[in-house]
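Okay, here's what each chain looks like letter by letter:
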Amino acid sequence: MGTTQLETVPEPKYWHLKTVLSEALDSEFSVGEVLPNERELAARFGVARATLRQALEQLELEGRLQRRRGVGTTVAPPRVGVAVEPVRHTWPGAAGDDWQPVDAVESQTVPAAVARLLELTPDERVHIVHRSRVTHGQPVAAEQLYVPARCVPGAAAGVAVDAPARARVVLRELQQLELEGQDRAVELGSARADDARELDRLPGAPVLVVTTRYFAGGRTAAVAVSTYRADTCRLTFGDNEAETGVTALAS
């Protein structure tokens, strides 16, 4: 078996530029300050704009920068810890859950990956509950909770006129089930147009996608797909409440 000569591979130009920019952010710019435009930055550091964009995107992913509509690229403030996920095993909407219900609809159309997790039959109807997470007045996460209608037969989400009330109906009915457990997966993704608009991000911006399955009656009773701003949130998991949660930055 041959050896991989990674040490001989030169550092990518954008990665070196990212380091230089990071040092400049620490020494020359203050939190919230708008950076010069790409043309000026590229000229200052003697790089192509494509190289500059790669470096800026990496710094945004690391939470050092924020790109905001109508403002430009600004220096991100330090992260502020915000507990989001309770360690206790409870249904969404239970006491202590600070996600805010936005709306709920009943549909036969769900993402294929969610349909597989829920083991849906063709044309089976599903309640889709939309929730949001806000801290310090700023949105940091959006969630779609998928609940098969068969699991909550008492949920009449379409009866309530008020949108948040429709969501609360489904959540209340879901909590009548005995929760047997849950599991969670985290992956890096890109913001879809709807999520980007709600989270005040640009479409395609990096996000953290947390998929949670809730089990009852020996099968998956609900699936939550939560989208967090990757530039402001750091997910941590542990065995006690002090170690489990999400830290987020209010921008």
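This text goes with the structure placed above it.
Quick notes on the rules
- Residues numbered from 1 in each chain as written.
- Predicted model: local features only at pLDDT ≥ 70, side-chain atom pairs only at ≥ 80, totals over all residues.
- Heavy atoms only, no water.
- Helix = DSSP H or I, 4+ residues; strand = E, 2+ residues; numbered from the N terminus.
- Buried < 20%, exposed > 50% of the residue type's maximum accessible area, 1.4 Å probe, protein only.
- Contact = heavy atoms within 4.5 Å.
- Areas by Shrake-Rupley, 256 points an atom, 1.4 Å probe, with all protein chains shown as cover.
- Salt bridge = Lys/Arg side-chain N within 4 Å of Asp/Glu carboxyl O.
- Pairing = 2+ DSSP bridges.
- Axes fitted to C-alpha atoms, helices over the stretch in contact; angles between N-to-C directions.
- Expected span 1.5 Å × (residues − 1).
- Polar contact = N/O pair within 3.5 Å; in protein donor to acceptor, adjacent residues only side chain to side chain.
- Phe/Tyr/Trp six-rings, centres within 6.5 Å; stacked < 30°, edge-to-face > 60°.
- Core = buried A, V, L, I, M, F, W, Y, C linked by side-chain atoms within 4.5 Å.
- Parallel < 35°, antiparallel > 145°, perpendicular 65-115°, else oblique.
- Nonpolar A, V, L, I, M, F, W, Y, C, P; charged D, E, K, R; others polar.

Asker: I'd like to hear about the overall build of the protein chain, residue by residue, with values.
Answerer: A count of helices and strands for the protein chain gives six helices and 11 strands. For the protein chain, with 251 residues in total, the buried portion stands at 43%. If you take every contact in the protein chain between residues at least 6 apart in sequence, the share linking residues at least 24 apart comes to 64%. Carbon and sulfur atoms form 52% of the exposed surface of the protein chain, whose accessible area is close to 13100 Å².

Asker: Account for the pattern of salt bridges, with residues named and values stated.
Answerer: On inspection of all chains with the given rule, the structure shows 14 salt bridges. We note a salt bridge from arginine 133 to aspartate 98, for which the minimum N-O separation is 3.1 Å. Within this pair, whereas arginine 133 is found in strand β5 (residues 126–135), its partner aspartate 98 is found in the loop between β3 (80–82) and β4 (100–107), the two being separated by 35 residues in sequence. Using a relative accessible area of 27% as the deciding quantity, one classes aspartate 98 as partly exposed. Between arginine 168 and aspartate 162 there is a salt bridge, with the nearest N and O atoms lying 3.8 Å from each other.

Asker: Help me get a handle on the sheet that holds strand β8 (residues 206–216), residues and values and all.
Answerer: Pairing is antiparallel across the open sheet formed by six strands, whose spatial order is β4-β5-β6-β9-β8-β7. The two strands at the open ends of the sheet, each matched to only one other strand, are β4 and β7 (181–190). The average undirected angle you get between the axes of adjacent strands in this sheet is 20°. Two strands pair when backbone bridges link them, and β7 and β8 are joined in this way by 10 bridges, in the antiparallel orientation. Paired with aspartate 183 across the strands is arginine 213, a residue of β8.

Asker: Which residues make up helix α5 (residues 163–174), and what values do they have?
Answerer: An α-helical turn contains 3.6 residues, so a residue and the one three or four places further along point in the same direction. End to end, α5 covers 17 Å across 12 residues, agreeing with the expected 16 Å (1.5 Å per residue, within 8%). Within the sequence span of α5, burial applies to Ala165, Arg166, Ala167, Val169, Val170, Leu171 and Leu174. The inward-facing, buried residues of α5 contact β4, β5, β6 (138–148) and β9 (219–229). In this structure aspartate 162 caps α5, since a side-chain oxygen of it lies 3.1 Å from the backbone nitrogen of alanine 165.

Asker: Outline the packing of aromatic side chains, listing residues and values.
Answerer: Under the definition given, this model contains three aromatic pairs. With a centroid separation of 6.0 Å and an interplanar angle of 85°, the aromatic rings of tyrosine 14 and tryptophan 15 are classed as edge-to-face. For tyrosine 14, a relative accessible area of 23% translates into the label partly exposed. Given the relative accessible area of 31%, tryptophan 15 is considered partly exposed.

Asker: Help me get a handle on unusual backbone geometry, residues and values and all.
Answerer: In the Ramachandran plot, glutamate 119 falls in the positive-phi region, its phi being about 55° despite a non-glycine side chain. By the secondary structure assignment, glutamate 119 is in the loop between α4 (112–118) and β5. By relative accessible area, glutamate 119 is classed as exposed at 53%. In this structure, aspartate 123 is a non-glycine residue whose phi angle is positive, near 65°. For aspartate 123, a relative accessible area of 60% corresponds to the exposed category.

Asker: Residues and numbers for the environment of arginine 64, please.
Answerer: Here arginine 64 shows up in the loop between α3 (49–61) and β1 (65–68). In sequence terms arginine 64 and aspartate 26 are 38 residues apart; their C-alpha atoms lie 9.8 Å from each other. Engagement of the side chain of arginine 64 in a polar contact is seen with the side chain of serine 22, the distance being 2.8 Å.

Asker: So, the nonpolar core: which residues are in play, and what are the values?
Answerer: Within the largest apolar cluster, 18 residues are counted, with the highest numbers of intra-cluster contacts made by Trp91, Val129, Leu145, Val147, Leu174 and Ala222. Broken down by secondary-structure element, the contributors of at least two residues to this core are β6, α5, β8 and β9. If we skip the residues at most four places from it in the chain, valine 129 touches Asp103, Ala104, Glu143, Gln144, Leu145, Ala167, Val170 and Leu171. Judged by nonpolar contacts, the second largest core, of 14 residues, contains Leu41, Ala42, Val47 and Val75.

Asker: Mind laying out the packing of helix α2 (residues 38–45) against α3, listing which residues take part and the relevant values?
Answerer: Interhelical geometry of α2 versus α3 gives an angle of 105° and a closest axis separation of 9 Å. Between α2 and α3, the crossing angle belongs to the class labelled roughly perpendicular. Between α2 and α3, the contacting residues are Glu38, Arg39, Leu41 and Ala42 on the first element and Arg49, Leu52, Arg53 and Leu56 on the second. Grouping the amino acids of the contact of α2 with α3 by side-chain chemistry returns four nonpolar, no polar and four charged.

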